[in-house]
Amino acid sequence: MLNQIATIIADGILLGLIYAIAGVGLSLVLGVMGIVNVAHSAFLMLGSFFAFELFRRLAIDPTISFFLAFPVFFAVGVIVYRMLITRVELAPQTQGLVAMFGLMVLVESLGTIAWTTDTRVITAAYTNRSILVGPIMLANVKLIAGALALLLIIAFWAFLRYTLTGRAIRAMGQNRFAAMTVGINVQALSTIMFGLGIACAGSAGVTLGMVFPFSPNTQILWLAWAFLVVILGGLGNVANTLLAGLVVGLIQTGVAAFLPFDYVYLVLYVMLAVILVVRREGLSGAVHRWI
Amino acid sequence: MLSVFFLKSGERRGWRAWAGIGFWVAVLFALVLYGLIGTRLFFLSTLGTVFMYIVLTQAWNILGGYGGYLNFGMVTFFGTGAYTSAILFHYFGLSPFLTAPVAGLTAAIAGLLIGIPTLRLRGAYFALVTMIVTLAVQILALNLRYTQGALGIYMQPLGLSPLNVERLFYFLFLGLAVLVTLLVYAIERSNIGGALVAIREDEDAAEIIGVKTTEVKWVANAIACFIAGVVGGLYAQRIMYIEPTGTFSFDISLNTVLMAVIGGPGTWQGPLIGTPLVLLVADALRVTFTSEVNRAIFSVVVIIIALYIPGGVMGVLERWRRRGRETSANDVSAPERAA
């Protein structure tokens, strides 16, 4: 019994780490730039297929794909920013939202054309193995994915905290105009910021693809997870996002232990509603409390 | 709390406005006439679908177009209505024509459940939650006992010839489309419509001058969901068989957004223009492309419109009209408008 509980908790923590990186890109783009990236999960899905294709065609291990995905999706993010976001940045928010919605549907349908709606899994050599840590049985993939996620979060946190660019990003999040006044190139920084957000989504997608089965048309579920992490943790704060991810992961494994699998999603949506009622602040309120 | 009164239209109606209304009335007459004498099943059924989508898009338009709160999951409420009707028929033998209002009410309750937490907040919460909730409802429909999961629910045939069935739904949806368009027209000219536009333009300012922003959004959303539910209930009877994947198809959500955005959100004419445009193009594309390619093309159209022509067709028309007025203007109001 006690072992079971320990396993549930360990599982929850590992999943939580993955959810945290799924949410971190969304949270930073929203918190610093005020852009609601509805298409975030579409890029998570693309990340999974990136790893899937590399593994299938070139036999590249997902662990390596995780690091490859970061620069590749950074470039994708920069392109999306240049082509899409710069045009709607100053327009009313609904316009940007419609554009991102269009992008989400576009990526999803292109994904469906390329990979059909079949559910895929990445089966690496270690996928179905697990190891015994003390009394706890842990799946190898979850351990690896969790470790990668933790690595990314720490790197991100250190980047924001200790580098000049990171500081500039934080400054921009606190006050865009003041940042501009002291000489920060807000335009260039926004490009980097959005690129990083999508890069995070790509790498997060690789870890999600290692752990869960995926298909192009269920990516919206991942948006639900990422969004839940974001509203639970607030915006633009890596440490809080990590904490929120862990909470969500623990709740999921906890609920899954008692209820049939599909009802986990219902619990998720109830949680979403409850949190939205409790946290009464709008997006702007959360932005001002940034770090 | 939300007393409705109608605002006096500030500008005097010019001949253009009357010509516009005359045009729509003429179109309506032509459609009624065609419904009475037309015998081509394909045309009747396609037009019936156009009218159904006009109703949905007008409903979306109330909160999305005027209020600027985008519902990316219209199909959730549509599907809720469809399932309500189907379940009431399956277990109690009630005809969907009778239970359509009940279907609307269930959808409105679903709308309130989603709207109450999300519409109290500014920004994109509502859009995000409506988008992700569709899948949850679909999962529910797949797993609940009452909905018979993936098996779906069959409805009883009406006992009419196929042509007459299509004709029945042709007039049913045409009537609904006219009713809902009139409703949207009335809302546009009421203080609720004014409040919604104020919310879209500047919610803080709206609140300061005394608009009960949250309540207005709730009401607008509930009305929209009610309409979507009624349409869903009737759709269940029309299509005769509903199951979770098709009934909660994301395409329906995408279509409503697309139609409103192309036609011109926040105008009562927008859905009337956008819906036939999209459906005709979709029908033409369906011959050569698969539905995924179709969807990809439409999503590109959505992006292009959002980036370059945010007002849709109505926005373009309005700009032309203004330009025409400015070039011929010799009154004092011209520079004001230019600013």
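Position numbers for residues count from 1 along each chain, tracking the sequence in the order it is written. Following the order in which they are written, the chains are lettered starting with A and the ligands numbered starting with 1. Only residues with pLDDT of at least 70 are given local features in this predicted model, and only at 80 or more are side-chain atom pairs given and counted; all residues enter the totals for whole chains, interfaces and linings.

Remarks on the overall build of chain A
Counting its regular elements, chain A contains 12 helices and two strands. Secondary structure counts use DSSP, requiring at least four H or I residues in a row for a helix and at least two E residues in a row for a strand, with both numbered from the N terminus. In chain A, the order of α-helices and β-strands from amino to carboxyl end is α-α-α-α-β-β-α-α-α-α-α-α-α-α. In this description the radius of gyration comes from C-alpha coordinates, and the expected globular size is given by 2.2 Å times residues to the power 0.38. The C-alpha atoms of chain A give a radius of gyration of 19 Å, which matches the 19 Å a tight globule of 291 residues would have. Seen through its principal axes, chain A has C-alpha atoms that stretch 60 × 45 × 35 Å. C-beta atoms are placed from the backbone for every residue, and two residues are taken to be in contact when these atoms lie within 7 Å. Long-range contacts, defined as pairs at least 24 residues apart, comprise 81% of the intrachain contacts of chain A with a sequence gap of at least 6.

Details of the overall build of chain B
Across its full length, chain B holds 15 helices and two strands. Computed over its C-alpha atoms, the radius of gyration of chain B comes to 21 Å, within 12% of the 20 Å expected for a compact globule of 339 residues. Taken over the C-alpha atoms alone, chain B extends approximately 65 × 50 × 40 Å along its principal axes. Counting the 339 residues in chain B, one finds 48% classified as buried. Restricting the contact set of chain B to residue pairs at least 6 apart, pairs at least 24 apart contribute 78%. Our exposure labels follow a C-beta count within 10 Å of each residue's own C-beta, placed from the backbone: buried means 20 or more other C-beta atoms, exposed means 12 or fewer, and partly exposed covers the counts in between.

Structural notes on helix H11 (residues 250-263) of chain B
An α-helical segment advances 3.6 residues per turn. Residues three or four places apart therefore align on the same side. Residues and elements named next belong to chain B. The end-to-end C-alpha separation of H11 is 20 Å, in line with the 20 Å expected for 14 residues at 1.5 Å each. Among the 14 residues in H11, 13 count as buried, and that is most of the element. Phi for Gly264, located one or two positions after H11, is positive at around 125°. By this rule the span expected of a helix is its residue count minus one, scaled by 1.5 Å.

Brief notes about the pairing of strand E1 (residues 130-133) of chain A
Only when DSSP finds a minimum of two bridges between them are two strands counted as paired. In the sheet, E1(A) pairs with strand E2 (residues 136-139) of chain A via four bridges, with the strands oriented antiparallel. Residue pairing across strands places A:Val133 opposite A:Ile136, the latter belonging to E2(A).

A few points about the environment of A:Ile220
Looking at the secondary structure, you find A:Ile220 in helix H9 (residues 219-233). Note on A:Ile220: 22 C-beta atoms within 10 Å, which makes it buried. Put simply, A:Ile220 and A:Leu44 are 176 residues apart on the chain and 9.8 Å apart in space, counted from C-alpha to C-alpha. Sequence-distant contacts of A:Ile220, that is, excluding residues within four places in its chain, are made with A:Ser41, B:Met131, B:Ile132 and B:Leu135.

Observations concerning the nonpolar core
Grouped together as the largest cluster of nonpolar side chains are 201 residues, with contacts concentrated most on A:Ala22, A:Val229, B:Val55 and B:Ala228. Top contributing element to this core by residue count: helix H1 (residues 2-33) of chain A, with 16 residues. If we skip the residues at most four places from it in the chain, B:Ala228 touches B:Leu56, B:Ala59, B:Met74, B:Phe77, B:Phe78, B:Gly81 and B:Ala107. Joined through C-beta atoms within 7 Å, a set of buried Ala, Val, Leu, Ile, Met, Phe, Trp, Tyr and Cys residues constitutes a nonpolar core.

Comments concerning the interface of chain B and chain A
With 35 residues of chain B in contact, the opposing surface of chain A contributes 38 residues. Counting residues per element, the ones that place at least two in the side of chain B that touches chain A are helix H4 (96-119), helix H5 (125-143), H11 and helix H13 (291-308) of chain B. Ranked by residues supplied to the side of chain B that touches chain A, first place goes to H5(B) with 11 residues. The residue classification treats Ala, Val, Leu, Ile, Met, Phe, Trp, Tyr, Cys and Pro as nonpolar and Asp, Glu, Lys and Arg as charged. All others, Gly included, are polar. Here the side of chain B that touches chain A is composed, by residue class, of 26 nonpolar, five polar and four charged.

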